[in-house]
Amino acid sequence: MITVFSPDHALHQSPGELIYSEFVPAFEKPERAALILARVKEVGLGEVRGPDVFPAEALTKIHAPGLVNLLMTAHEEWVAMGRTGAAYPYTWAARGMRADRVPKNLDGRLGFYGFDCGTPITATSWRAIKASADVALTGAEMISAGERAVFALCRPPGHHAGSDHFGGYCFLNNAALAAQKLLDDGARRVAILDVDYHHGNGTQQIFYRRNDVLVVNIHADPDEEYPYMLGFSDESGEAAGEGFNLNLPLPWGTQWPEWRAALETSIARVLAFGPDAVVVSLGVDTYKNDPISKFRLESEHFMVIGRMTANLMKPVLFVMEGGYAVAEIGVNAVNVLTGFDDS
Ligand code: 6XA
Ligand code: ZN
């Protein structure tokens, strides 16, 4: 399997995040992608190539121009205001406030488009964000050209980013951009299977009213876990999209048998949909030692996930999302890919 990777991912380095009243080192760090790449090479997964560069129009097919513009320019404005460090939002839009009017002020705009305080924008973040999107778009292009499977080693991740919001370490939704690209290249239907520990709220929001992209999520129950405000089992899609969103929330402490059963259910739904291609939002934060997650999967289970995905008998684009147990992140992520390739 070919891996698409850009060293520019390292240009995004969060100075830290505020949790439980403490400013702590970021979990989402460059080392993650470096270790996954090292493992790809160690097992000889296949060729590693760089991304092609896509025009801004590929981004604005999914995202509001105002969001893209903010991600590009926020830090410059931040510095022009005499500030140092990274640009963080500190105020947020709540129900009842104006959603039809984008604030002029930078802090207003960061709060209008951002939804948490763990997703800062540094001087060089945009270059990493754009490279990550290009990696996913390149992977999609390769699937359109006939590859059976491609690994888009994206960083920063994307599945929390919605059409007009960023957060959860995510800025642009790499998987959604890839799905749209597959459709634009001629696929009639695309399924997104999100196996990250967290609900991919951004991906769900983007396609919620559409029936050309099925979105299936296996994740920690939002009653207990981030992102708390989306990802419940009664969210099945809206309008034309009714029936094309499936959420399978699981409780803290979930072990492999229950998780695997949810994957069987997901695979059955994907097969019934009959997609021309599948995008897997690949998070490995379901691992038992993940520092911010509470599922109990073991390294060997990731191989089974890859094998079960291969059984779909569809072209598959793997798009990297979360996973913070850095010591094992390479083995866990690449186990999915070798499990797929060996099937
Ligand atoms: C909040 C937790 C962000 C979750 C990031 C993630 N600080 N999403 O792994 O998949
Ligand atoms: Zn996650």
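Residues numbered from 1 in each chain as written. Chains lettered and ligands numbered in written order. Predicted model: local features only at pLDDT ≥ 70, side-chain atom pairs only at ≥ 80, totals over all residues. Heavy atoms only, no water.

A. Examining the overall build of the chain more closely. Helix and strand counts for the chain come out as 10 helices and 10 strands. Taking 2.2 N^0.38 as the reference for a compact globule, 343 residues should give roughly 20 Å; the C-alpha atoms of the chain span a radius of gyration of 18 Å, in line with that estimate. Along the first, second and third principal axes, the C-alpha set of the chain runs to 55 × 45 × 40 Å. Classification of the 343 residues of the chain by burial places 57% in the buried group. Of the contacts formed within the chain by residues at least 6 apart in sequence, a portion of 77% connects residues at least 24 apart. Here the chain contributes 28 positive and 42 negative side-chain charges, whose respective centroids are spaced 3 Å apart. (Helix = DSSP H or I, 4+ residues; strand = E, 2+ residues; numbered from the N terminus. Rg over C-alpha atoms; globule rule 2.2 N^0.38 Å. Buried < 20%, exposed > 50% of the residue type's maximum accessible area, 1.4 Å probe, protein only. Contact = heavy atoms within 4.5 Å. Lys, Arg positive; Asp, Glu negative; His and termini not counted. Charge placed at Lys NZ, Arg CZ, Asp CG, Glu CD.)

B. Structural context of the pattern of salt bridges. Under the defined criterion, the tally for this structure stands at 17 salt bridges. The salt bridge involving Glu42 is made with Arg39; its shortest N-O contact spans 3.1 Å. A residue pair is termed a helical-turn pair when its members lie 3 or 4 positions apart in one helix, as Glu42 and Arg39 do in helix α1 (residues 30-42) at three residues. The class of Glu42 is exposed, set by a relative accessible area of 61%. A salt bridge links Arg98 to Asp100, with the nearest nitrogen and oxygen atoms 2.7 Å apart. Each member of the pair Arg98 and Asp100 is classed as exposed. Put simply, Glu28, Arg32 and Arg155 are held in one network by salt bridges that share partners. (Salt bridge = Lys/Arg side-chain N within 4 Å of Asp/Glu carboxyl O.)

C. Geometry of the coordination of the zinc ion (ligand 2). Within the protein, the atoms that donate to the zinc ion (ligand 2) are Asp196 (OD), His198 (ND1) and Asp285 (OD), at distances of 2.0 to 2.1 Å. Here the zinc ion (ligand 2) is ringed by six donor atoms whose angles at the metal span 29 to 158°, and the overall shape comes out irregular. All donors of the zinc ion (ligand 2) come from a single chain, and their spacing in sequence reads D-x1-H-x86-D. On the criterion of sequence distance, the pair formed by Asp196 in the loop between β6 (190-194) and α7 (201-207) and Asp285 in the loop between β9 (277-282) and α9 (299-310) is long-range, its members being 89 residues apart. The burial state of Asp196 is the same as that of Asp285; both residues are buried. (Donors = N, O, S within 2.8 Å, 3.2 Å for Na, K, Ca; no water. Tetrahedral: all angles 85-135°; square planar, octahedral: opposite > 155°, others 65-115°.)

D. The arrangement of the site of ligand 1 in detail. Looking at ligand 1, the residues that line it are Glu17, His159, His160, Gly168, Tyr169, Asp196, His198, Tyr226, Asp285 and Tyr324. Between a nitrogen atom of ligand 1 and a side-chain N or O atom of Tyr169, the distance comes to 3.4 Å. One nitrogen or oxygen atom from the side chain of His198 is found 3.0 Å from an oxygen atom belonging to ligand 1. Notes on ligand 1: free accessible area 320 Å², of which the protein chains cover 90%. (Near = heavy atom within 4 Å. Polar contact = N/O pair within 3.5 Å; in protein donor to acceptor, adjacent residues only side chain to side chain. Areas by Shrake-Rupley, 256 points an atom, 1.4 Å probe, with all protein chains shown as cover.)

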